[in-house]
Amino acid sequence: MGQDDKTRKDGEAGIGRRQFFRALGGGTAAAAAAVASVPLGTTEAQAYDPGNAETRSRYRETDHVKAFYRTNGYETLKK
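Residues numbered from 1 in each chain as written. Predicted model: local features only at pLDDT ≥ 70, side-chain atom pairs only at ≥ 80, totals over all residues. Heavy atoms only, no water.

Labelled according to an unreviewed UniProt entry, the chain appears under the name Formate dehydrogenase, originating from Methylobacterium tarhaniae.

Written out as structure tokens, the structure is:
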């Protein structure tokens, strides 16, 4: 606290840097406690229906996919 007195000009009012950060830290802790104390409302879960377009198979072995398999040696794994 002695250091704050040396850096403060004579007659200057207000809080110092350290007091400011102490107050800021206490304020955030109080805000977090207030948010944690609010009870959350429960809602019933609803299932998501993806539909036919999202459940169909999308994999197609096209020419460029076959070329990828061939150049990376995946054809040797086919047996």
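A short note on the overall build of the chain
The cut-off we apply is this: For the purposes of this entry, the term helix denotes a DSSP run of H or I that reaches at least four residues, the term strand denotes a run of E that reaches at least two, and both are numbered from the N terminus. Burial status follows relative accessibility: with a 1.4 Å probe on protein chains alone, a residue under 20% of its type maximum counts as buried, one over 50% as exposed, and anything between as partly exposed. Using a 1.4 Å probe, accessible areas were evaluated by the Shrake-Rupley method; residue-level cover was limited to the displayed protein chains.
Within the chain, the secondary structure is distributed over four helices and zero strands. In sequence order, the secondary structure elements of the chain are arranged as α-α-α-α. The proportion of buried residues among the 79 residues of the chain is 4%. As displayed, the chain offers around 7,700 Å² of accessible surface, 56% of which is attributable to carbon and sulfur atoms.

Observations regarding the confidence of the model for the chain
Defined as follows: Per-residue confidence from the prediction method is given by pLDDT, with values spanning 0 to 100.
On average, residues of the chain score 74 in pLDDT, and 68% of them reach the 70 mark or higher. Looking at the elements of the chain, mean pLDDT is at its lowest for helix 1 (residues 2–7), recorded as 54, and at its highest for helix 4 (residues 63–71), recorded as 90.

A word on a nonpolar patch on the surface
Under the convention used in this document: Residues forming no salt bridge and having over 30% relative accessible area are the ones grouped into patches, like charges within 9 Å of each other and nonpolar side chains (Val, Leu, Ile, Met, Phe, Trp, Tyr) within 5 Å. When a carboxyl oxygen of Asp or Glu is within 4 Å of a side-chain nitrogen of Lys or Arg, the pair counts as a salt bridge.
On the surface, Ile15, Phe20, Phe21 and Leu24 cluster together into a nonpolar patch covering about 430 Å² of accessible area. Take Leu24: it is sitting in helix 2 (residues 17–37).

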